[in-house]
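# Results of the structural survey
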Amino acid sequence: MKKQILVACGAGIATSTIVNGALEKLFKENGIEANLVQCKITEVPGYADTADLLVTTTIVQKEYPFPVINARSFLTGIGQEEVEAKILEELKK
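Everything in this summary refers to the structure shown in the same document. (Residues numbered from 1 in each chain as written. Predicted model: local features only at pLDDT ≥ 70, side-chain atom pairs only at ≥ 80, totals over all residues. Heavy atoms only, no water.)

What follows deals with the side chain of Asn20. Mapping Asn20 onto the fold places it in helix H1 (residues 14-29). When its relative accessible area of 11% is taken as the criterion, Asn20 is described as buried. (Helix = DSSP H or I, 4+ residues; strand = E, 2+ residues; numbered from the N terminus. Buried < 20%, exposed > 50% of the residue type's maximum accessible area, 1.4 Å probe, protein only.)

Written as structure tokens, this is what we have:
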């Protein structure tokens, strides 16, 4: 089954675009089919019933019924491999 992954940042434009591109590459390399939804962090609650994972570059104050992974490392390059591994691990559940 195809997973739905939210890629969110403050405005839903700049940093989420960078993360979105990195995730597309990561999923292609690992044979994962996923529906990536790029959005603003304020839009995330609207996906509470359908999303499997939230990957974000912003600080999350709320609890969601799906895992939340901070992806700031995709912007800095520091610790990116660990975050990618965590994302892949969540999607295999």
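So, about the pairing of strand S1 (residues 3-9). Counting buried residues in S1 gives 7 out of 7 residues, a clear majority hidden from the surface. Residue alternation in S1 divides its side chains into two sets, Lys3, Ile5, Val7 and Cys9 and Gln4, Leu6 and Ala8, and both sets are buried. Here 7 bridges tie S1 to strand S2 (residues 34-40), and the two strands are oriented parallel to one another. Within S2, the position partnered with Lys3 by the bridge is Ala34. For the segment spanning S1, H1 and S2, crossover handedness is right-handed. (Pairing = 2+ DSSP bridges. Right-handed = clockwise from strand over helix to strand, strands pointing away.)

Orientation of H1 relative to helix H3 (residues 80-91), taken along the N-to-C sense of each, is 60°, at an axis distance of 11 Å. The orientation of H1 with respect to H3, classified from their angle, is oblique. Crossing of H1 over H3 shows right-handed handedness. Contacts between H1 and H3 involve Leu23, Leu26 and Phe27 from the former and Glu84, Ile87, Leu88 and Leu91 from the latter. Of the residues in the contact of H1 with H3, the class split is 6 nonpolar, no polar and 1 charged. (Axes fitted to C-alpha atoms, helices over the stretch in contact; angles between N-to-C directions. Parallel < 35°, antiparallel > 145°, perpendicular 65-115°, else oblique. Left-handed = near helix turned anticlockwise from the far one by under 90°. Contact = heavy atoms within 4.5 Å. Nonpolar A, V, L, I, M, F, W, Y, C, P; charged D, E, K, R; others polar.)

Residue placement: Ile59 occurs in the loop between strand S3 (53-56) and strand S4 (68-70). Once the C-alpha coordinates of Ile59 and Asn70 are considered, the two residues, 11 residues apart in sequence, prove to be 7.8 Å apart.

In an α-helix, one turn spans 3.6 residues; hence positions three or four apart end up facing the same way. Compared with the 22 Å implied by 1.5 Å per residue over 16 residues, the 24 Å span of H1 between its first and last C-alpha is a close match. Inspection of H1 places Ser16, Val19, Asn20, Ala22, Leu23, Leu26 and Phe27 among the buried residues, and these make up the whole buried set. Those residues of H1 hidden inside the fold are in contact with S1, S2, S3, helix H2 (73-76) and H3. At the exit of H1 stands Gly31, carrying a positive phi of roughly 65°. (Expected span 1.5 Å × (residues − 1).)

Keep in mind these numbers describe shape, not what the thing actually does.
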